[in-house]
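Residue strings, one per chain:
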Amino acid sequence: MKIIKYLSLALILIIGVSQCKLPDNIDPKHPTEVPYYTLFSNALDNMVRQTESTSVNNNIQRLTVQYWQETTYFDESRYNYQDRQIPDGFASRFYKDVLMDFQEARKILTNENYGGDPDVTLNELAIIDICEVYTYQLIVDVWGDMPYTFALQGPDNTSPAYDKAEDIYADLIKRLRNDLASLKPADDIAFAGKDMMYNGDYAAWKKFGASLLLRMGMRLSDVDAAAAKTAVADAVAAGVFTAQSESAYLLYPGVVPHVNEINDAFRQGRKDFLPTHTLINMMTAMDDPRMNLCFIPITFAYTTDEDGNKIATTLEPQVAGLDQQVILMYADGDVKVDLPFTAELADTLNLFDYHWGAIAGLDGAQSYNNYSNFSDRTMSPSFEANMMDFVEVEFLLAEAAQRGFGVSGAEDHYNAAITASILYWWGSADDAAAYLAANPYDGTNWKKSIGEQKWLALYNHGIEAFSEWRRLDYPILNAPEGMQYSDIPLRMPYPYNEILENTANYEAAAAAIGGDDTHNPVFWDVIPSPAAK
Amino acid sequence: MRKITILMVFLFFVGMQFANAQTRTLSGKVISADDGMGIPGVTVQVKGTTIGTTTDLDGMFSLDVEPTAHKIIVFSYVGMSTQEATIGDQTTFNVTMQSEATMIDEVVVTALGISREKKSLGYAVDELDGEDVNRVSDVNVVSSLSGKSAGLAITKPNTMGGSANVLIRGSASLTQNNQALFVVDGVPINNSNNRVAQHGSYQNEGWGGYDYGNAASDINPDDIESVSILKGAAATALYGSRAANGVILITTKKGKRGPGEKRIGFTWNSSVLVSSADMSTAPQWQNKYGGGYGPFYEDPTAYFFYADLDGDGVSDLITPTSEDASWGAEFDPDLQVIQWDALDPLQDNYAEKRPWQAGGNGGLDYFFKNGYTFTNNLTFNAANDNGAFRLSYTNVDQSGILVNSELKKNTVNFAGDYNFTSKLNVEANITYVNSYAKGRFGTGYDGMNPMQSLGQWFERNVDLKRLDEGYLRPNGDQLSWNSSYYDNLSPIFFDNPYYVRRESYQDDWRNRLFGYLGLNYKFTDWLSFSGKAMLDYYAGTQNERIAWGSVDDSYYSNYTDQFSEVNIEAMLKFNKTWDKFSINAFLGTNIRRTTYENIMGNTVGGLIVPGLYSVTNSKSPYEVRENLDSKGINSFFVAASFGWNSFIYLDLTDRIDITSALPEGDDTYNYYSASLSFVLTEMAAMRDLSWMPLLKLRVNYAQVGNDLPAYNLRSTYTQYTTYESSPLFSVHSRASNNNLVPEITKSLEFGLEAHFLQSRIRLDVAQYTSTSYDQLLPVSVSPMSGYSSKWINGGIVENTGWEIGLVGVIIESKDWHWDVGVNWATNKNTVKELWTDEFGNEVLNHVIYSAWDVSITATKGQPYGTIRGSDFMYHENGEKMVDDNGFYLVSERGDEIIGNIQADWRMGIPTTLSWRGLQLYALIDIQKGGDIYSVSTKYGQATGLYAETAVDNPLGNPIRDNLVWADGTEESAHTTTGIPMDQAHETSGGVILPGVKADGSTNNILTNSGRWGRAFYYNNSPTARYVFDASYTKLREVALTYSFPKKMFSKVLLQDLSIGLVGRNLWIISKNVDHFDPEASLGSGNNQGIETGSYPTVRTFGFNLKLGF
C-alpha cells in the first residue's frame, strides 16, 4: 500500500504543474500607449532631418544639383543610387518614421475618448496635416507616382498601390486649403510646448501652410496654369511669409544626436564633401558676397622645385572649354582675374586666398585640401534647418508676377528675395545692393534669371533645389565626366526593395511612366531643359 | 605527497558517515575471451542498484554486498558484451567477457537523459566520448564537434572567444533560431549570443560590434564524459517546442565507484597551446605600389602631397595620408618621401624622408602575434559503496593572436550522488563558471575591426612595426597612418589599429551557475520516480570603449545582463520485462521559466573627460535602455518503448506544451513521435551470421515545433533621445500579430545499421525528410505600409538528406590498432513556399540580411540562403562578357541569383593509429560547395591593396601602367577606353579581364587598371565578381599521445601518465579563395554567407600532460 501512497504523491505533483501560472506576455519595459505629442515631435524631427540629410545612404540631392561633390568616393556624385539603395532609405524615413508617426498622433487625437480642448485639437490636426502635405509633396517631387491612398495601412495592406502624382498633388492642395481654414485662435498652444518648430503657434503654422500652398501652386505652373493661379491667390490671401523671421526653421539644440546634418557629416573628422566648381564658378562670375560667408577659401601656396624655384600651381581651368575666373582675396581687397593664372603673376604678388570648387561628377578622387571648405557657421552643430523660408516665398512671388498669376512686381520680389538671402547669410544691405546692381532681374529671360538666383539662394536645400532646377531648367549644370547632360536625373528611381516587396504595384507604376528611369520627368516637369539635347 | 592527498580527501569527507549493513565480500577475476588476460576497468555492479566497483589492473575485483537484498551482479565494459551472474551462495566469480559484440549492445543517452540500448532506437543518435571532443580541445567546446558527426555543421569565426554556429540537418526555420539545443546532464543550457547593438544594427549583420561567444562555450571540455547528438525530430520530440533543431546532449563526468584502494583519485591535466594566424587565409597584399587613389594630388606626378616641411626651400614629397587605398606611386627606393609617421612636429623624426618602399617587417603577418592557451584541470574523485563524488577545477588562460587580447575562465564542477537507502538516491551536479575577456576582436565593417583597414582600405607603404611603436604622440594623442592632411594629424577614416587594440578595447565578464538537484526513488524494481530541479543562471557585463581622439566619437557603454532558466521536472518511470516482451515507459511534467533582463547605458556625443570610462562621462545626455523578457512553458510528456524479443522495438512519445508567448486559448501545442527499430540479426534465420553480427532497420516519424519569442503579439512604441524637452516616440517598425502559432516541423526518417566482420566495419545510414510549416516570419514589407516588417506564419522549408557513418578497424592486434572513420552528409534544403500577401499575391523572395548590393535571401524553389545581386552577363557559350572597353558587362537586374550558402556535402574523416601506448589521431574536415560573398575582396581589390592588382599583363608589363596604342600614343591615367591587344604597343599596361567579347571570342582588351574606379572597381563589376566557392579540405585535428605503461608505476603513487602533442587547423589542404578563410563567418545565427573583415584561421599547436594518482 505504501507504493500507492507514493505513487499518488508523484501523480499529484505532476498534475500540480498544470496549475502553475504562466508569466504575462506583456512587455514591462516598453509602452503600448504614449502621449500623442511625442509622436508628433518624433515625426517632425524626422521630417526635418530627412529633408536636410546629407547622408549618402538616404539623401544625395545636394550632389545631384551640384552644390556639393564627394572627395574620394564619388559614386553618388555620379548618380549611383543603387549601391547604397538611397531611394529605400529616403522612402523608409518619410513613410515609416515621419508619416506613420504623424498618422498615429492623429489617430490618438481623433479617438472619441480623447478629451482635449476641441479648438486646440483642431489646430493640432491642421498642423499635423500641413506637415503631412509637406512630406508628401517632397515625395511626389522626387519620385512622381507613389503610394498615397493605400499607404500607411499597416499589416492590412503591406503592398500599397501607387497613386498618380498629379492626383496626389491635387489632393494635397485641397488638404492645405482646409488646414488654412481650420487654423484658428484657441485658448492654448498646440502640442503642449512640444512643437520644436513654432512652439504650437497656430498663426505661424498658418503662414507656413500658405507659403507651402504657394510653392505647390507654382510647381503646377507649366502643367495647369489655372490651378496654379488659384493656389497662388489663395496662398497670398491666407498670408504667406512676410519676413525671414517667420520662416520654417528648426533650431537644433546642438547636442548630439540633435545636431545639424552637416555638422553630423563632418563631426567625426570625415571630409567627404566639397563645394563644386559649378557653384563656385557661378558665385565667382556673379561676385556673390555669400561665397565668402558659406565657404572658407584656400590659401595660395607656392611649391618649389629641387633648386628652390617657385613653380606654378594648378590655377588653370579645371575643365577644358570653361573660361573660368577666380577671385583673389587680399587684405586690401579682391581682384578677379582670368585663368590660367600664371606663375609669373603669382610671383609678383604676396600670398592670397581664393575660392576653388571640386569638379562636379568627376570620375576620380579630389583632395579635400585643394578646394574651398564649408564655413564655420554651416558646420556648427546648432546651425538651423530650413524647411521653407521667406527668400523662397519672394522668388515664388517674383515668378508668379512674371507669369501674371495675380501678383505684381516681379523685379521687386526678385530684389527682396536676393536681399533677404544675402542678409540671411550675414551679408550687409550694401552687399545686397551691389550684388543686385551687378545681377539685375532680367524679365526677358526670367527663367534663367530666377532659376540661377533661386538655385544660389536655395544653397544647402538639395531637395527643393532639385525640383526648381528641373522646373525652371536653370542654371545649366555641368554634365559629369563621361556623361551626357541628359544623364542628370530628373527623378529618383523607386526604392529597390519595392521590386521584391511590392512587385505588382511597382511594375505597374514603373510601366506607367515608361520605365523606372531617372530620365523620365515627373508630371510638372514638362519643359525639357535647353541643355538636354 | 600521498599523505597530503589523503588528508585533502579526508577533509572533503569530514562529517560524512557511512553506515555499514550486514555484508558479504564477493571477489573474482574478469578475463578477456580474446587473450585470456585480465581486463582492467570492468564495471561490476549489483543489478538494479548503484552499488558497484571496477576491476583492477589484473582484472581482479572485490565487492561488498548484502546477500539478502542483492541477487545478481552485472559485468559490463565498453566494447564487450555485458554479462550477469546470480549471487546465490557464491563468493568467487571468474568471468570471461566476449569482445565480438562490440557496439551492438552499446548504450547511448537519449532525450531527457534516458539511457537506452542503441539497437533499440528507431532514430539516429551519434555518441562521442569525452576524449573525442577533448583530445585536441578548443576553448569553445562547440567547435570541437566539427567533422565528428554526419549531419552536424559547425562554423566558427576566427575571433578569440567567438561564437560557433551549430546546425543539425540544415536550417529548418527561415528567421527563427536554427541552433541545436544544448542539454548538459538534463539541464537545457542557454546558447544565445548576446550582442550589444551599439550602432543600431546587430553584430552578425556585419556592421560592427564584438562577438561575445555562444553561451554553450561555458561548458568545460574537461568535464565531458560523453556527447550524444540527437539529430532528427523523433529523437528530440520529447523536448517539445525546442526540439526542432536537434539536440546535443552532454553528459558530464561523475564520481567513479572504484575498488577499495582506488576509491580516491586525483588527476591533473595540463596543456599549453600556441596559436598563430594561418597567413594563407589572410588578405594577400601587393608589394609594388603605395598609398593614394591615383594621380590626384599635389606634386608634379600628382601622386603625393607636396610641401616644404624640412624648411630647406624645396617642396618635399609627402604620402597622401588622407587616403586609404594603394593606387599610389610605384615603389622606388630612390624616391625620398615623408611618411605618415614623420608628420608630427612634436617628434624628432619630423620631416624625415625615407625611401618609397612597401611597408617592411613582413607585411600583414606582423600584425598577428602568437597566442597562448594554458589549461589546467584538477579533479578529485572519491567514492564508497553508497555514494561518489567528483570535484573538478579548470583554469583556462588564453591570449589571442591580436595584441591586448585575453580570455580567462575558471570552472568548478561538482557532481555527487548518494544512496540514502536502497530505494532513495539523491544527486547534485553544479557547475560554476567565471569568465573574463578583454580585447575581443572587433568584427564586420567597422573601425573597431582592424581588418577593415588592413584587409580592405590601406596604404601599402605603411610599416606595421612603425604603426605598433608609434601609435601615440608625445602629447598622448593618437598618431594614425591616415591623418587628415600633412598638417592635420587627426585621423580621417581609420585609426591606427594599435590605438584601437590598446586604447579602444572592450572587456566583459560573466558568472554562470548551472546544474541540478535530483532525487530518484524506486518503488519497486519496475517503477520509480525521479524529480529534478534545474537551473541555468548567468549574470555578466560587457563594456565597450572608443578612446578619445578616434575617428568615431569617444564612447563607453555598459551592458549588464542577467539570465535565468528554471526547469522543474518530475517523472514516473516504468520498466518491466516479461519473457520476450519489455516495456520501458515514463510519464512526466516540466515547468520552465526563463527571464532575461538587461540594461545598457552609453555615452552620447563623446566623453567629457578622456580616458574616464563611465556612462555619466557623456557630452550629451547619456542613454539608458532596459529590457525584461519573461517566458514560461508548462509541459506534460509521456513516452513508451515496447520491445519484443530484442528484435523489434516501438517507441511512442507525446508532449504537450502550454506557452505564455502565444494568445491564451491558442497556447497549447502537441508534439509527438513514433519510431520503430527492427534488429534483423535477432531473427532466427540471421542470428548467427558471423560476418554480419548486426543488421538493423529503423524508421520514424515525428512532429515538433519552434516557439515564438515573448512579447510579439502586441506592438510597443520605440523611444528615441529626447529633443531638448520634447520626448520622442515612434510606432514600432515591426507590426505585431495576435494570431501567431508555433512553427511545426514534420519529419520522416529511415535508417540502417550494419556491422560486418566481427563489428570491425560498422555502417550507419540515415535518410530523412523534414518539412517545416507555419514559419514564424518577421517579413520585410514595403515601408510605404508604415512598417518595415510584420510577423506572420507562412512558408514551407524542406530539408532532405543522407547521412552515412562508416567506421572500419583496419588493423587490430595485440600491439597495433588502426581505424578510419568516414562521416558524410548531404542536406538539400528547399524553400518550398514563402507566403502570400493580403491580396493573395505570392511572395517569392525574403531577404535575410544584406550588405550594400548583396543580399542573402530565402527564395521560393531555392535552397535557404541564396546570394543575390547583380550578375555577369554571359555569352551563350557560358563565358562572362566584357564590353568594348574590356570592362565586365553587368546584368540589368540587381537581384539575380548568384550563389547559395548551402554546402553540397560535408565529410569528416577521423583516423586513429596506435601502437601500444603510442597513439596518432587525425581528423580531416571537408566541405564541398557552398558560396560566400567577400566584402573584403570587393574593397581590397578596389583599393589596389590585393596582390592581383599588381601583376603583369600578357605583354609582360605591369597591369597598372598606362595604356599605349601601337603608334605610341599613351592614354591618360584616367581613361576608360580599352585597347585590344593587337592594337597595343608592346609597352602598354592594362589588364585583360577573363571572359569573352560580345562575339564570343576570348577577351583581348587591355583595360585601364591603374587607379581607383577602373578595372578593379566594384561599381564597374557585378556583385557576382565577389562570390566565391567556400569548399575546403582541412586537417582539423592531429594528436600524438603516449600513455606510459601502467606497470611502470606499480611502485609509485602515480597511476596514469600520458603526454601528447596536439594541433588544430594545422593545414588547409585545399580551398578556392585567396584572401580569407572559406569558413569565415560573423558568428552564430542565420546570417551566414557574407565575409567582411574576417580574421585568418587560427592555427593551434601544443602539448598536453595528464597525470592520474
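What counts and what doesn't
- Residues numbered from 1 in each chain as written.
- Chains lettered and ligands numbered in written order.
- Predicted model: local features only at pLDDT ≥ 70, side-chain atom pairs only at ≥ 80, totals over all residues.
- Heavy atoms only, no water.
- Contact = heavy atoms within 4.5 Å.
- Salt bridge = Lys/Arg side-chain N within 4 Å of Asp/Glu carboxyl O.
- Polar contact = N/O pair within 3.5 Å; in protein donor to acceptor, adjacent residues only side chain to side chain.
- Helix = DSSP H or I, 4+ residues; strand = E, 2+ residues; numbered from the N terminus.
- Nonpolar A, V, L, I, M, F, W, Y, C, P; charged D, E, K, R; others polar.
- pLDDT = per-residue confidence, 0-100.
- Buried < 20%, exposed > 50% of the residue type's maximum accessible area, 1.4 Å probe, protein only.
- Pairing = 2+ DSSP bridges.
- Expected span 1.5 Å × (residues − 1).
- Core = buried A, V, L, I, M, F, W, Y, C linked by side-chain atoms within 4.5 Å.
- Lys, Arg positive; Asp, Glu negative; His and termini not counted.

Moving on, we come to the interface of chain A and chain B. Facing 92 residues of chain A, the contacting portion of chain B comprises 103 residues. Where chain A touches chain B, the interface holds five salt bridges. Lys 938 of chain B is the partner of Asp 83 of chain A in a salt bridge, and the nearest nitrogen-oxygen pair spans 4.0 Å. Summed over the shared surface of chain A and chain B, the result is 29 residue pairs in polar contact (both at pLDDT 80 or more). Those elements that provide at least two residues to the side of chain A that touches chain B are α1 (2-17), α2 (36-52), α4 (86-109), β6 (303-304) and α19 (498-501) of chain A. Classifying every residue of the side of chain A that touches chain B gives 41 nonpolar, 28 polar and 23 charged.

Our next topic: the confidence of the model for chain B. Residues and elements named next belong to chain B. For chain B, the average pLDDT comes to 88, and 95% of its residues sit at 70 or higher. Considering only residues more than four positions removed or in separate chains, one finds that residues 1-21, a stretch of pLDDT under 50, has 17 contacts. Contacts of residues 196-200 to residues separated by more than four positions or lying in other chains number ten contacts, the stretch itself having pLDDT below 50. Model confidence for the complex: the whole-complex pTM is 0.88, and ipTM, which rates the interface, is 0.94.

Residue and element names in this part refer to chain B. As for its position among the elements, Gln 767 is in strand β40 (residues 761-773). A relative accessible area of 18% means that Gln 767 is categorised as buried. Side chain to side chain, Gln 767 and Thr 800 meet in a polar contact 3.4 Å long.

Bringing the sheet that holds strand β38 (residues 734-735) of chain B into the picture now. Residue and element names in this part refer to chain B. The strand order β38-β42-β41 describes an open sheet built from three strands, whose pairing is mixed. Edge positions in the open sheet fall to β38 and β41 (776-780), since each of these has one partner strand only. The pairing of β38 with strand β42 (residues 789-793) spans two bridges and is classified as parallel. Across the sheet, the residue bridging to Arg 734 is Ser 789, located in β42.

Let us now look at helix α17 (residues 446-457) of chain A. In an α-helix, one turn spans 3.6 residues; hence positions three or four apart end up facing the same way. All names here are of chain A. With twelve residues, α17 should reach 16 Å at 1.5 Å per residue; the first-to-last C-alpha distance of 16 Å fits that figure. Within α17, eleven of the twelve residues are buried, leaving the element largely enclosed by the surrounding structure. Among the residues of α17, Trp 446, Lys 447, Ser 449, Ile 450, Gly 451, Glu 452, Gln 453, Lys 454, Trp 455, Leu 456 and Ala 457 are the ones counted as buried.

On to the pairing of strand β39 (residues 743-756) of chain B. Residue and element names in this part refer to chain B. Where strand β35 (residues 694-706) lies against β39, 13 bridges are found, and the strand directions are antiparallel. Across the sheet, the residue bridging to Val 699 is Phe 750, located in β39. With 13 bridges joining them, β39 and β40 adopt antiparallel strand pairing. Residue pairing across strands places Leu 748 opposite Thr 769, the latter belonging to β40. Linkage of β39 to β40, two consecutive antiparallel strands, is achieved through a turn of four residues, within which Leu 757 is found at a positive phi near 50 degrees.

A few words on the nonpolar core. Core analysis: the biggest nonpolar cluster contains 268 residues, and Tyr 95, Trp 205 and Phe 208 of chain A together with Trp 1012 of chain B have the highest contact counts within it. The biggest single contributor to this core is helix α5 (residues 118-143) of chain A, with 14 residues. Residue contacts for Trp 205 of chain A: discarding those within four places in its chain leaves Phe 40, Leu 44, Ile 127, Ile 130, Cys 131, Leu 183, Asp 195, Met 197, Tyr 198 and Gly 200 of chain A. Counting 27 residues, the second-largest nonpolar core is a separate cluster that includes Tyr 123, Leu 238, Ala 244 and Phe 586 of chain B.

Our next topic: the side chain of Arg 501 of chain B. Residue and element names in this part refer to chain B. Mapped onto the elements, Arg 501 comes out in helix α6 (residues 497-503). Among buried charged residues, Arg 501 stands out as having no salt bridge; its nearest opposite-charge side chain is Glu 406, 9.9 Å away. Setting aside residues up to four positions removed in sequence, Arg 501 forms contacts with Phe 367, Leu 402, Val 403, Asn 404, Ser 405, Gly 439, Arg 440, Phe 441, Gly 442 and Pro 450.

All names here are of chain B. Strand order in this open sheet of three strands is β56-β53-β59, and the pairing throughout is mixed. Each edge of the open sheet carries a strand with a single partner, namely β56 (1027-1029) and β59 (1090-1091). Sheet topology places strand β53 (residues 931-934) next to β59; two bridges connect them, and they run parallel. Opposite Ser 934, over in β59, you have Glu 1091 as the bridge partner.

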